[in-house]
Amino acid sequence: MFFLELSDSKFVLDDKHIDIALYYLRKKECYHPRDHPFRCTTTDVLFDNYMALVYKDFSEDASDEFWCAGDNQLFLTPYVYSRRCGIACTEVDKIFFPCRLSLEDDEAVTHFLLGVLDLNQKKIDVYDSIYSEPYEAGMNYMQMYARMIPHLLKFSQFDKNHKSFGNVFNKFDIQWQRSPHQTGSTDCGAFLIKFAELLMIGKDVQQFQPEDIKDFRKELAANLWAHGEWKRNSGYDTPPENVGDDYESENETFCPKEL
């Protein structure tokens, strides 16, 4: 069912589709670093859930005690250093993160959009397949990241471990970017994945034609299936996502170039 739902626009993508697809894109960046103009990683929908949960008690005057609280430290700080989603945040230029907005009158109905945290420019670029301009619900949600991420990084002493972040932890800028619009009601998750794929290799998302989203979903499902079968049949073991790993060396990875 996972692959059927991923490939067919009659189905809405859920957390597991988004997280596995972002993992897949992150591995492509590791296997073929020369195809990517910058170092990047992703978070996952679980991180987004944690952000929303912790934000309920957050204030601009949050102290170290706030971040040391059991749940807060358990939920969020591991993403900065412990490689919960691959490469540690201290080793990248950009972090791609999925956001899931729930409708106020029906939490079962959600909309996915993509945020890109630029650590060097200290800004968040937003890519939304419905709105190319800021809107209240979306902007309020992104304010959560813009306000809370600098505090999280400061508490984690991020400036001492990132090569170019500096020691200023002001609120991040939010910039809504123009992007192709979905025509159906079930493709926001697929557009999020496609936007991330294009941006990770330095391409403009507006090069993508919305009517091609159906083909993209089928292609993504087929690629994931094929790669999974190859790993299972070959006994290939994915190496850790450490900076400096030579993922392009056949002697070390034996990974097919078509990934």
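Each remark here, short or long, concerns the structure printed above.
Residues numbered from 1 in each chain as written. Predicted model: local features only at pLDDT ≥ 70, side-chain atom pairs only at ≥ 80, totals over all residues. Heavy atoms only, no water.

### Points about the pattern of salt bridges
Phase 1 of the analysis: With the rule as written, the count across this model stands at nine salt bridges.
Phase 2 of the analysis: The salt bridge partner of E133 is R178, with a shortest N-O separation of 3.2 Å. Here R178 lies in the loop between strand 5 (173-177) and helix 8 (188-200) and E133 lies in the loop between strand 4 (123-127) and helix 7 (136-155), a separation of 45 residues in the sequence.
Phase 3 of the analysis: Assessed through its relative accessible area of 45%, E133 is described here as partly exposed.
Phase 4 of the analysis: In this structure, R232 and E229 form a salt bridge, with 2.8 Å as the shortest nitrogen-oxygen distance. Here R232 and its partner E229 are both found in helix 9 (residues 213-234), three residues apart, which amounts to about one turn of the helix.
Phase 5 of the analysis: Counted as one network, the salt bridges with shared partners bring together K28, K194 and E197. (Salt bridge = Lys/Arg side-chain N within 4 Å of Asp/Glu carboxyl O. Helix = DSSP H or I, 4+ residues; strand = E, 2+ residues; numbered from the N terminus. Buried < 20%, exposed > 50% of the residue type's maximum accessible area, 1.4 Å probe, protein only.)

### Section: the environment of Y145
Phase 1 of the analysis: Tracing the backbone shows Y145 in helix 7.
Phase 2 of the analysis: Spatially, the C-alpha atoms of Y145 and Y55 are 9.1 Å apart, while their sequence positions differ by 90 residues.

### As for the packing of helix 3 (residues 45-55) against helix 7
Phase 1 of the analysis: Running from amino to carboxyl end, helix 3 crosses helix 7 at an angle of 80°, the nearest separation of the two axes being 11 Å. Relative to helix 7, helix 3 is oriented roughly perpendicular. Residues F47, D48, M51, A52, V54 and Y55 of helix 3 lie in contact with helix 7, whose contacting residues are Y141, Q143, M144, Y145, R147, M148 and I149.
Phase 2 of the analysis: Of the residues assigned to the contact of helix 3 with helix 7, the class counts are 10 nonpolar, one polar and two charged. (Axes fitted to C-alpha atoms, helices over the stretch in contact; angles between N-to-C directions. Parallel < 35°, antiparallel > 145°, perpendicular 65-115°, else oblique. Contact = heavy atoms within 4.5 Å. Nonpolar A, V, L, I, M, F, W, Y, C, P; charged D, E, K, R; others polar.)

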